[in-house]
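# Remarks on the overall topology
Chain by chain, the residues run as shown.
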Amino acid sequence: MSIVEGVLLASIVPLLFILARGPTAWDRLLAYNSAANRVAAVLAISAVLSQQPVLLDVAIVYAALSFIGVVALARFMERGEGFR
Amino acid sequence: MIGTALAGCGALLVAIGTFGIVRFRDVYSRLQASGVSDNAGLTVVLLGLILYEGWAPIDWMLLFLLVLMLATNPIATHSIAKSAFVQRHTGEDSS
């Protein structure tokens, strides 16, 4: 199970590369969305492996807040104020 | 055992999806790879985590996180896609 956690953590690194280099702003937003979901999954795996349910609360709050942020940024860029 | 196998399959799906996100060129292709890999892969990983733990009080919170991800992830993907589409077809310069 720790191998799964390592694979999920390693799959965040190319997303950070896309987040820094992405051609348009929507690529960066997409990479942020994927990275936030993976961070929430890694927190859930870590909560189960270390037997600490507090990390699961952190994962739930992190997923909800990243969803609100992504939807708000997408609605903001839909009106034409986004960076190209 | 079966939980570890399910989580391994989910990690494989997530790794393939990350490869797709890096390799594809267009925003919509990247959205497709991202949406499919995140929904399927992380759902399978969390299901494997529930089966790995057995009967425990932590299962309900894992199930809540799974339902939250299943409810919010398609909305976020659709919102990004609609934002890119509308901005491309109504903006001044078409990049």
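Residues numbered from 1 in each chain as written. Chains lettered and ligands numbered in written order. Predicted model: local features only at pLDDT ≥ 70, side-chain atom pairs only at ≥ 80, totals over all residues.

Turning to the overall build of chain A, a few remarks are in order. Looking only at helices and strands, one finds 4 helices and 0 strands in chain A. Going from the N terminus to the C terminus, chain A shows its helices and strands as α-α-α-α. Along the longest, intermediate and shortest principal axes, the C-alpha atoms of chain A span 45 × 25 × 10 Å. Residue burial in chain A is summarised as follows: out of 84 residues, 42% are buried. Of the contacts formed within chain A by residues at least 6 apart in sequence, a portion of 47% connects residues at least 24 apart. (Helix = DSSP H or I, 4+ residues; strand = E, 2+ residues; numbered from the N terminus. Buried ≥ 20, exposed ≤ 12 C-beta atoms within 10 Å, placed from the backbone. Contact = placed C-beta atoms within 7 Å.)

Further remarks concern the interface of chain A and chain B. Often, the extent of an interface is quoted as the loss of accessible area upon association of its parts. Each partner contributes to the interface: chain A provides 37 residues, whereas chain B provides 40 residues. Contributions of two or more residues to the side of chain A that touches chain B are made by helix H1 (2–10), helix H2 (12–21), helix H3 (25–50) and helix H4 (54–78) of chain A. The class makeup of the residues in the side of chain A that touches chain B is 25 nonpolar, 7 polar and 5 charged. (Nonpolar A, V, L, I, M, F, W, Y, C, P; charged D, E, K, R; others polar.)

With that settled, consider helix H1 (residues 2–23) of chain B. Residue and element names in this part refer to chain B. Under the 1.5 Å per step criterion, the end-to-end length of H1 is 32 Å for 22 residues, consistent within 8% with the ideal 32 Å. If you check which residues of H1 are buried, you get Leu6, Ala7, Gly10, Ala11, Leu13, Val14, Gly17, Thr18 and Ile21. Burial along H1 is one-sided: seen end-on, the buried residues are contained in an arc of 160°. Away from its buried face by more than 90 degrees, H1 exposes Ile2, Ala5 and Arg23. (Expected span 1.5 Å × (residues − 1). Arc of directions from axis to C-beta.)

Counting residues in hydrophobic clusters, the biggest one holds 49 residues, and the most contacted among them are Ala41 and Ala44 of chain A together with Leu46 and Leu49 of chain B. For this core, the elements supplying multiple residues, two or more each, are H1, H2, H3 and H4 of chain A together with H1, helix H2 (27–53) and helix H3 (58–90) of chain B. Apart from residues lying up to four places away in sequence, Leu49 of chain B is in contact with Ala44, Ile45 and Val48 of chain A together with Gly3, Ala7 and Leu62 of chain B. (Core = buried A, V, L, I, M, F, W, Y, C linked by C-beta atoms within 7 Å.)

Right, let's talk about the packing of H2 of chain A against H1 of chain B for a bit. Following both chains from N to C, one finds H2 of chain A and H1 of chain B inclined at 20°, their axes separated by 10 Å at the closest point. By the angle class used here, H2 of chain A and H1 of chain B are roughly parallel. For the pair H2 of chain A and H1 of chain B, the crossing hand works out as left-handed. From H2 of chain A, Pro14, Leu15 and Ile18 of chain A reach across to H1 of chain B, where they touch Thr18, Ile21 and Val22 of chain B. Classifying every residue of the contact of H2 of chain A with H1 of chain B by side-chain character gives 5 nonpolar, 1 polar and no charged. (Axes fitted to C-alpha atoms, helices over the stretch in contact; angles between N-to-C directions. Parallel < 35°, antiparallel > 145°, perpendicular 65-115°, else oblique. Left-handed = near helix turned anticlockwise from the far one by under 90°.)

Let us now look at the packing of H4 of chain A against H3 of chain B. Two elements in contact, H4 of chain A and H3 of chain B, have axes whose closest approach is 9 Å; the angle formed by their N-to-C orientations is 10°. Looking at the two axes, H4 of chain A sits roughly parallel to H3 of chain B. Both H4 of chain A and H3 of chain B take part in a crossing whose hand is left-handed. When its residues are assigned to classes, the contact of H4 of chain A with H3 of chain B shows 21 nonpolar, 4 polar and 3 charged.

Attention shifts here to the confidence of the model for chain B. When pLDDT is averaged along chain B, the result is 88, and 95% of the positions lie at 70 or above. Here the predicted complex scores 0.89 on pTM and 0.87 on ipTM. (pLDDT = per-residue confidence, 0-100.)

With that settled, the discussion passes to unusual backbone geometry. All names here are of chain A. Non-glycine residue Gln51 carries a positive phi angle of around 55°. Here Gln51 lies in the loop between H3 and H4. Take Gln51: there are 10 C-beta atoms within 10 Å of it, and that puts it in the exposed class.

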